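# Descriptive analysis of the structure
Each chain is listed here by its residues.
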Amino acid sequence: MMKIAVCATGDAAGDVQAVLAMLEAQGHGPSRVSVLETGSGGAAGVSAAGQDVSVFRHSGGESFVIVCGVAAGHGFTPLQRPGDDILADEERIRPWLCSLEGVFCAVWHHRSCGVWLLVSDPHGAYPLYVHDADRGLCAASEIRAVAAVRPDARRPDPAGMGALAAVGHMLGGATLLRGVTRFPAASLLRLDDHGRGRSQITGPYWQLPAVDTDIGVKRSAEAVAQALHAEAECLVRRFPEAAVMLSGGIDSRLQLALAVRHGAVPRAVIVSQPEHSAGAERRFARRVARQFGLQREEWSVGADFFSSSDYLDYMLASCTGTRSLNLFISGVLRAVPGGQQGVWDGLFAGNLIGGGAVTCTLDELKDRRCRGQDNPAWLACSALFRGDFFEAMMDGVYDAFDRFAREHGSGVDAAARYYALERMRHRTAVNPYMCCSGRNIPLSLGSGRQFWEAVFRLPASLRGGFALYRAVISRHFPEMDRHPYLCADQLLNMGRMDIQRLLCWAADRLPWRLAVAVGLRFEWRRSRYLSRALELAECLPDDVDMDAVQALRRRGIVSLVDMNMAEMLLYRLVLHWIAEDGARPGCYGGAQALLD
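On a predicted model such as this, the values are computed, not experimentally measured, just so you know.

Here is what the cut-offs are and how they apply
- Here the residue numbers are simple positions, counted from 1 along each chain's written sequence.
- Owing to the predicted nature of the model, reporting of local features is limited to residues with pLDDT of at least 70; listing and counting of side-chain atom pairs is limited to 80 or more, with chain, interface and lining totals taken over all residues.
- No hydrogens and no water enter the side-chain calculation; it runs on all heavy atoms of the structure.
- Take the buried Ala, Val, Leu, Ile, Met, Phe, Trp, Tyr and Cys residues and link them wherever side-chain atoms come within 4.5 Å; each set so joined is a nonpolar core.
- Per-residue accessibility, obtained with a 1.4 Å probe over protein chains only, is compared with the maximum for each type, and a residue is labelled buried under 20%, exposed over 50%, and partly exposed between these values.
- Only DSSP runs of H or I reaching four residues or more are called helices, and only runs of E reaching two or more are called strands; each is numbered from the N terminus.
- Here a residue-residue contact requires only that any non-hydrogen atoms of the pair lie within 4.5 Å.
- Helix axes are fitted to C-alpha atoms over the stretch in contact, other axes to C-alpha atoms as well, and angles between N-to-C directions run from 0 to 180 degrees.
- Orientation categories follow fixed angle ranges, with anything under 35 degrees roughly parallel, anything over 145 roughly antiparallel, 65 to 115 roughly perpendicular, and all other angles oblique.
- Crossing handedness follows the turn of the near helix against the far one: under a right angle anticlockwise gives a left-handed crossing, and clockwise gives a right-handed one.
- In the scheme used here, Gly and all other residues not listed as nonpolar or charged are polar, with Ala, Val, Leu, Ile, Met, Phe, Trp, Tyr, Cys and Pro taken as nonpolar and Asp, Glu, Lys and Arg as charged.
- The rule for pairing is simple: two strands pair if DSSP sees at least two bridges between them.
- Counted as salt bridges are all cases of a side-chain nitrogen of Lys or Arg within 4 Å of a carboxyl oxygen of Asp or Glu.

### Remarks on the nonpolar core
- Counting 86 residues, the largest nonpolar core has Tyr311, Phe385, Met393, Phe401, Tyr418, Leu569 and Leu570 as the members making the most contacts within it.
- Sort the elements by how many residues they give to this core and helix 24 (residues 560-581) lands first, with twelve residues.
- Other than its neighbours up to four places away in sequence, tyrosine 311 contacts Phe305, Phe306, Ser324, Leu325, Ser330, Tyr529 and Tyr571.
- Among the nonpolar cores identified, the runner-up in size contains 76 residues, and Val224, Ala242, Met424 and Ala471 belong to it.

Following this line, the structure appears as structure tokens:
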């Protein structure tokens with residue numbers, strides 16, 4: 001994954017060199033890094049390569065556009081070079097930039113006018129962070145790049161830490177670093193006067209549609225299938241030899257069916273979740289691979305994964321923006337060998353079409369996450385962090401939910417939008433784009449506007465129970481229905497005599513330890529990094545209460561609150577290494593011995 005840094009300051013050259021040095025040290029090299037420099041001379045240096053980067057230059061050298069990520073033209077058509085008349089005109093390039101589809105960020109620069117435009121994708125899923133101060137603006141696709149050039153952005157942000165504790169991911173524009181914000185979705189930032197003028201952010205240029213109570217599941221299913229076909233045709237044409245990550249669920253099977261329909265013959269990488277349903281993931285995925293005649297390779301996660309260097313890699317690559325201990329996806333992205341042309345990694349927002357996530361109102365979700373006095377995460381944070389910092393953590397989470405409710409309401413449909421605009425953006429969809437790094441290009445169907453408009457016009461109550469998903473499959477992809485599915489821990493389409501039904505029946509009735517011993521259950525082993533974080537906590541600044549850390553050392557981890565304390569301390573420690581010391585994952589050539 002290409003990293004992009006845009007530095008707009010009065011002394012841009014020094015900033016750019018700092019970012020370049022950091023990124024090159026991470027193993028990217030000039031061919032994988034684009035640094036766009038603005039300074040008093042208005043000079044711009046550009047270096048880009050790879051299938052995840054498109055560079056369009058004006059024939060006269062006046063302007064250029066760089067598009068990073070997996071982008072397509074309007075309606076998910078192949079990305080085409082804009083004409084010179086568009087490239088040279090700010091008013092004409094704006095609508096072109098805002099018509100792009102996919103997961104990307106784009107930058108336009110006009111040399112003689114000294115004007116820059118920075119554009120985020122419609123969902124804001126491509127990681128992009130900004131820090132705006134008196135000395136100018138810095139934008140980068142990793143918060144570590146911002147911290148490298150802005151020492152005043154290296155302190156933890158309590159609102160971000162609070163969101164991490166409460167919901168497991170960021171909320172709104174908050175990040176884990178003070179003064180660094182996530183660039184808004186579907187927005188455009190303008191800089192002029194060679195970086196000396198103030199920045200202006202406008203948007204959004206696209207929004208989710210209103211719910212249409214008259215639309216039915218059948219009409220929505222037709223629109224969803226049409227949108228997915230358009231995306232698959234575009235991506236297969238661009239990445240014909242991409243591998244597919246195949247699980248036992250609907251998402252991976254749907255993307256496989258679409259890829260095959262449009263002429264791809266992918267190699268299957270089967271990554272199973274051993275803790276789910278007595279091995280159903282691998283068993284169902286093998287059946288599908290045999291059905292489509294695919295070559296396959298399999299990967300298993302070990303019970304000690306969360307004590308491995310691969311897990312430390314994940315924390316560093318994601319900048320600890322997700323609560324990830326015992327999160328299986330943290331190991332999935334390491335399973336596919338590097339150097340693939342691309343990897344079909346799942347539906348961009350599968351839980352939205354499935355409806356499995358929408359089970360409560362936004363008010364109920366907020367109460368569960370924020371207001372429970374016996375919430376182990378809050379009890380842990382109240383002990384671990386100093387009083388004023390902890391109060392700011394809670395205030396940040398409350399304020400984020402309140403802002404969302406003012407804009408979207410508080411009912412079930414608002415909760416569905418929360419999962420799309422917050423959880424999807426900050427946790428599920430962003431994972432591949434942060435963690436595949438230079439190894440592979442993630443391909444996710446379902447990022448197009450047509451898909452989202454088709455899904456969100458249908459009330460959330462009608463999407464529940466996988467009704468929309470089943471309508472799409474039965475009408476348009478009947479070949480997917482030959483084998484059972486494992487969806488949100490539910491077994492669907494299961495025959496009465498299927499061996500998996502018998503295995504799950506046995507697993508439910510055996511004592512837990514016996515089921516683990518015979519392979520019908522799975523249990524992660526506690527991460528050794530939790531105890532190492534307790535031993536290394538002295539390097540942390542004064543937002544952590546060291547008396548509480550020492551008390552936890554003495555008694556050990558004996559309760560759920562203690563576990564939450566140790567986990568949050570681990571994330572805080574890794575964040576400190578990223579921001580203060582420039583720590584980087586091993587896939588960038590960094591040291592993996594930080595916790596050894």
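### Details of the packing of helix 6 (residues 217-238) against helix 19 (residues 467-476)
- Between helix 6 and helix 19, the least distance of the axes is 9 Å, while the angle of their chain directions is 65°. Between helix 6 and helix 19, the interaxial angle falls into the category roughly perpendicular. Classified by chirality, the crossing of helix 19 by helix 6 is right-handed. Taken together, the residues of helix 19 that come into contact with helix 6 (itself represented by Val217, Lys218, Ser220, Ala221, Glu222, Val224 and Ala225) are Ala467, Leu468, Ala471, Val472, Arg475 and His476.
- Each residue belonging to the contact of helix 6 with helix 19 can be placed in one class, and the counts come to eight nonpolar, two polar and three charged.

### Here we look at the sheet that holds strand 16 (residues 442-443)
- With respect to topology, five strands assemble into an open sheet ordered 14-13-12-15-16, the strand pairing being parallel. Across the chains shown, the open sheet's two edge strands, defined by having one partner strand only, are strand 14 (296-299) and strand 16.
- In this fold helix 7 (residues 250-261) packs onto strand 12 (243-246), strand 15 (343-344) and strand 16, with an angle of close to 150° to the strand it touches most, strand 12.
- Sheet strands touched by helix 8 (residues 280-292): strand 12, strand 13 (268-271) and strand 14. Its angle to strand 14, the strand with the most contacts, is close to 170°.

### Notes on the pattern of salt bridges
- For the coordinates displayed, the defined rule picks out 20 salt bridges.
- For arginine 94, the salt bridge goes to glutamate 90, with nearest N and O atoms at 3.2 Å. Highlighted residues: arginine 94 and glutamate 90, both in helix 3 (residues 90-98), separated by four residues, approximately one helical turn.
- A relative accessible area of 15% means that glutamate 90 is categorised as buried.
- Each of Arg282, Arg286, Arg296 and Glu298 takes part in a single network of salt bridges with overlapping partners.

In short, geometric facts, not functional conclusions.
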